Amino acid sequence: MIKGEIVLGCLAPHPPHLVYADNPDENEPTSEGGWETLRWGYARLARKLKTIEYDAIVILTPHWQTYIGTHFLGCDSFKSLSVDPIFPNLFRYHYNLKVDVELSEKMCEIAGEAGIITKMMRNPDFRVDYGTITSCHLLNPDWDKPIVTVSSNRNRHYYSVEVMNEQAQALGDACRKAIEESGKRVVLIASHSLSHRHFTTEAPLPEDMSREHIYNHSQYVWDMKVIDLMREGKMQEFIDLMPEFTEQTMAETEGGGLTWMMAAMGMPNYPAEIYGYQSVIGTGNVVACWDPDEETREMVL
Amino acid sequence: MSDDPVLFGLYVPPHPHPLLAPDQNKGWGELRAAYDECRRRIEESDADVIIVYSTTWPSIVGHQFQVQPEPEWVHVDDDFHFLGSMPYKFKMDTEFGNAYRDAAESRGLHSRTVSYHGFPIDTGSVVALSLLNPDNRIPACIVSSNMYANRAETIVLGKAARDALKAQGKKAVIVAVSSLSNRMFTKHVEPENDRIHSAKDEEWNRKILEFFEKGRLEDLSQLSRDIHGQIRVQKVVAYKPAWWMAATMGQHNNYDGEVLAYAALHGSGGAVIQLTPSKGSVGDKEFDEDDVEIYRGDRNVLTTGTGDMQASGGVDGPLDEAERPTEEDWDWKNPLEYAEDLYDEYGSTVVSHASGALGVAAGTVIAGPVGGLAGGIVARKKVSKMLNKDGAIIAENAPKAVGAYPHARRVGKLLFISGVGPRNPTDNTIPGGPIEDDKGNPLDYDIEAQTEACIENIRIIMEACDAELDDIIDITTFLVDMKRDFKGYNKVYAKHFEEIQATRTTLAIQALPTPIAVEMKVIAKAP
Ligand SMILES: [Fe+2]
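This text gives an overview of the structure that appears in the document. (Residues numbered from 1 in each chain as written. Chains lettered and ligands numbered in written order. Predicted model: local features only at pLDDT ≥ 70, side-chain atom pairs only at ≥ 80, totals over all residues. Heavy atoms only, no water.)

### As for the sheet that holds strand S11 (residues 391-393) of chain B
All names here are of chain B. An order of S11-S12-S13-S16-S14-S15 is seen for the six strands of this open sheet, with the pairing classed as mixed. Across the chains shown, the open sheet's two edge strands, defined by having one partner strand only, are S11 and strand S15 (503-508). Averaged over neighbouring strand pairs, the angle between their axes works out to 15° when direction is ignored. Here strand S14 (residues 472-479) pairs with S15 via six bridges, running parallel. By the bridge assignment for S15, leucine 479 is matched with alanine 508. Contacting S14, S15 and strand S16 (518-525), helix H14 (residues 482-497) runs over the sheet at an angle of about 160° to S15. (Pairing = 2+ DSSP bridges. Helix = DSSP H or I, 4+ residues; strand = E, 2+ residues; numbered from the N terminus. Axes fitted to C-alpha atoms, helices over the stretch in contact; angles between N-to-C directions. Contact = heavy atoms within 4.5 Å.)

Next up, the structure:
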């Protein structure tokens, strides 16, 4: 059997604002646009994705939060309406997606063998989280590939970001092994922003870009620091720095997404492709990807 | 009966086990039986509305109130999906929900209603309403638990519920949905092996139950911070349902308390408790914390160390969207706080420039990180340049001060100029002559010349502040002889200020520190 591989890893933030600004048919609210820098970056990365042959997307999201281990989507398909609990005014998205259950089960099984607490999610009424929907919509608006959502374990709330970072790496190693054994070509997505301090009031017109800016300069400096590490191919250094970054910027990296993806990809030492950086309600967001193939890897920004 | 708008209060657990799996564990079954008993008591009551404060509905943009008339969905819990689905169709009292929102707003809380098909109603609310009001005999209202809200906001939120009830003449049963200790097991546990996570959690839960049983709700409210420190998952939560419950029920200790059930829910403490207002009391306590009527805090500020996102375990909904700051984060501030600090220290012109510059530095960075960093550096330089102009100002060309004070001081958008007389800046002589000689003998003097010189000195000082007479907004004039000098002073005054139209106050005073007849003090707009 052919050995499976990870063909691309994407850091894909999921502010519902981006889908709202995009005005797809699937989303009920409509907008006058907004956050173009990120959306243009996303569009460009989505075009790159179209040029890559792959079988499935595996996404780790901080908005499916589980306290009892890591859970994996385990039904063939999900069709429903995703409503953001914080911004229901922006995001009411009708989704209809397929799941690669075989791959999901494989990851669940191998992670379990590695000592990670796992569970398959088999309830057909389950609502897929809006992080998954947003990142997947922006990277693959055609929804023509099956996905697997991996929950983010909340051990961080009981232990520490250091423990979270360790566990996410173990999970990444296990997922790589499962993907290799599956024989499939897989795109990974870490679905989250960078700095995550945000404003707690909303502009009357949410897409009013004159109101949008980073929460504070410190957050910005942190974001630029870690983006530099990405550009320089120093992902081990970033992952080592992750607990501090997470604490200082209240980052969604606490869910383990990027750590998991980097571990699965063997801690890339080549430059990431940076597609755009912009704030959304004060949070710092970067669209980036890691392309293991030197032939197709490019310097975007 | 009393005219209290709250008939009784319930404290119930958010976990789905009593709803979906009461037969799998004895304790879960007992919690279910207690839930059922409460349902009967509600049915027998005269309640017009059930108000649910759910700790598993975290909001970040103020507090949210569910006002969709008949929300309907099939809910599945993020962790306990294997226990089954929770189909529901509730009936909301939209009239009351809107009134509650208005009441919260008038008490200074940022509030909004939500009414969207498919809005994800949280596990705690679904469990509580499904068990307490299965036939929707009484309409309900669900209010969120703001992640960043601390005691003041939560108390005020409770009081707003009373306001709304009184305004509408309604009677309510109120329901706080929360666990006691909220540490769950992080691995799978067979139902029969469920127990409270630790002995310490068990001891604290027992203490809390004792307070409830004695009707000491206000005491519990006062103890919230200690409870949080002892048995709540630190990273995620402060314990605030007692704040809301106590405030909603009138802030006292006069209740009949009854613990109907207490059991472990995957390690956390679940209890069904009823509190009914009564005449009997354990007496008033000396409460440590101040009461609060109106919330005046800045809703856009993440108060360090006080955010208290509720999370009673794995059923607490999307939490990370607004994780509260950790203690290590205390030195971080949001732009508003940052701006306020600058304001306090340096004045607001700097602030507006600084925040503008920061906006440039931190906003849309199409050129990528390099452009952004350059913007940051520009911002810092701009700020420091602006700062140099602020604070106390000594005007080299103005007459020397006769005490330890500057000629002017800039604060915020304003310039405050010290009282200034007519002395000549170069030789200290008094144009128009002094009002008395060295021995105190009165001399004739020219008030018009003194007034003219006085205004010239103000102009010199304002020039040193990059401002001009036109910027003056308020003038206070001191005359040592109102009868003699007012007319002359008023004439010169009109020459300079008729068009500027500053506000003015003229006072007669006994003396000035030097032999002058007039001194003027002004407040002006800063440049
Ligand atoms: Fe998020």
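### Section: the nonpolar core
Residue and element names in this part refer to chain A. Among the nonpolar cores identified, the biggest contains 55 residues, and Leu188, Met230, Leu258 and Trp290 are the most heavily contacted of them. The leading source of residues in this core is helix H7 (residues 217-231), at seven residues. Apart from residues no more than four positions distant in its own chain, leucine 258 is found in contact with Leu11, Ala190, His192, Met230, Met235, Phe238, Ile239, Met242 and Trp290. Counting 54 residues, the second-largest nonpolar core is a separate cluster that includes Leu45, Phe87, Tyr95 and Met121. (Core = buried A, V, L, I, M, F, W, Y, C linked by side-chain atoms within 4.5 Å. Buried < 20%, exposed > 50% of the residue type's maximum accessible area, 1.4 Å probe, protein only.)

### Describing the pairing of strand S1 (residues 6-12) of chain B
When a strand is regular, its side chains alternate between the sheet's two faces. Residue and element names in this part refer to chain B. Where burial is concerned, most of S1 is hidden: seven out of the seven residues are buried. Pairing of S1 with strand S8 (residues 172-177), which is carried by six bridges, proceeds in the parallel orientation. Among the inter-strand pairings, phenylalanine 8 is bridged to a residue of S8, identified as valine 173.

### Structural notes on the sheet that holds strand S9 (residues 255-265) of chain B
Residues and elements named next belong to chain B. Spatially, S6-S3-S7-S2-S8-S1-S10-S9 is the arrangement adopted by the eight strands of the open sheet, whose pairing is mixed. Strands with a single pairing partner mark the edges of an open sheet, and in this sheet they are strand S6 (111-114) and S9. This sheet shows a mean twist of 20° between the axes of neighbouring strands, independent of strand direction. Where helix H3 (residues 94-106) meets the sheet, its contacts fall on strand S2 (49-59), strand S3 (63-66), S6 and strand S7 (140-146), and the angle it forms with S6 comes to roughly 165°.

### Looking at the pattern of salt bridges
All names here are of chain B. Under the criterion given, the structure shown has 42 salt bridges over all chains. A salt bridge links lysine 159 to aspartate 291; the nearest nitrogen and oxygen atoms lie 2.9 Å apart. Of this pair, lysine 159 sits in helix H5 (residues 151-168) while aspartate 291 sits in the loop between strand S10 (268-277) and helix H10 (335-346); the two residues are 132 residues apart in sequence, bridging distant segments of the chain. Here glutamate 202 ties to arginine 206 by a salt bridge, and the two come within 2.8 Å at their closest N and O atoms. Taken together, the positions of glutamate 202 and arginine 206, both in helix H6 (residues 199-213) and four residues apart, correspond to about one turn of that helix. Given the relative accessible area of 23%, glutamate 202 is considered partly exposed. What you see here is one network of salt bridges that share partners, running through Arg107, Lys159, Asp163, Asp291 and Glu293. (Salt bridge = Lys/Arg side-chain N within 4 Å of Asp/Glu carboxyl O.)

### Digging into unusual backbone geometry
Despite not being glycine, A:Met267 has its phi angle at roughly 50°, a positive value. Locating A:Met267 in the fold gives a position in the loop between helix H9 (257-264) and strand S9 (273-280). Notably, B:Asn136 is not glycine yet its phi reads approximately 55°, a positive angle. With respect to the helices and strands, the residue B:Asn136 is situated in the loop between helix H4 (123-132) and S7. Judged by its relative accessible area of 17%, B:Asn136 is buried.

### Considerations on the coordination of the iron ion
Residue and element names in this part refer to chain A. Distances from the iron ion to its protein donors, namely His14 (NE2), His63 (NE2) and Glu252 (OE), fall within the range 1.9 to 2.1 Å. Each donor residue of the iron ion lies on the same chain, and together they follow the pattern H-x48-H-x188-E. A residue pair is termed long-range when its members are at least 10 positions apart, and histidine 63 in strand S2 (residues 56-66) and glutamate 252 in the loop between helix H8 (235-249) and H9 qualify at 189 residues. As far as the burial class goes, histidine 63 and glutamate 252 line up, both buried. (Donors = N, O, S within 2.8 Å, 3.2 Å for Na, K, Ca; no water.)

### A look at the packing of aromatic side chains
Across all of its chains, the model carries 18 aromatic pairs over all chains by this definition. Between A:Trp64 and A:Phe126, the ring centres sit 4.8 Å apart and the planes meet at 50°, which makes this aromatic pair tilted. Highlighted residues: A:Trp64 in strand S2 and A:Phe126 in the loop between strand S6 (118-121) and helix H4 (130-139), separated in sequence by 62 residues. With a centroid separation of 4.7 Å and an interplanar angle of 10°, the aromatic rings of B:Tyr88 and B:Phe90 are classed as stacked. Here the aromatic residues A:Phe91, A:Tyr93, A:Tyr130 and A:Trp143 are joined through ring pairs into a cluster of three or more. Here the guanidinium or amino end of B:Arg504 rests over the ring plane of B:Tyr493, the centre of that ring lying 4.4 Å away. (Phe/Tyr/Trp six-rings, centres within 6.5 Å; stacked < 30°, edge-to-face > 60°. Lys NZ or Arg CZ within 6 Å of the ring centre and 35° of its normal.)

### Things to note about the packing of helix H6 (residues 161-182) of chain A against H9(A)
The description of two packed helices rests on the angle between their axes and on the distance between the axes. Residues and elements named next belong to chain A. Where H6 contacts H9, the two axes come as close as 7 Å, and the packing angle between them is 40°. The pairing of H6 with H9 is recorded here as oblique in orientation. The hand of the H6/H9 crossing is right-handed. Mapping the contact onto sequence places Asn165, Ala168, Gln169, Leu171, Gly172, Asp173, Cys175 and Arg176 in H6 and Thr259, Trp260, Ala263 and Ala264 in H9. Class assignment for the residues of the contact of H6 with H9 results in six nonpolar, four polar and two charged. (Parallel < 35°, antiparallel > 145°, perpendicular 65-115°, else oblique. Left-handed = near helix turned anticlockwise from the far one by under 90°. Nonpolar A, V, L, I, M, F, W, Y, C, P; charged D, E, K, R; others polar.)

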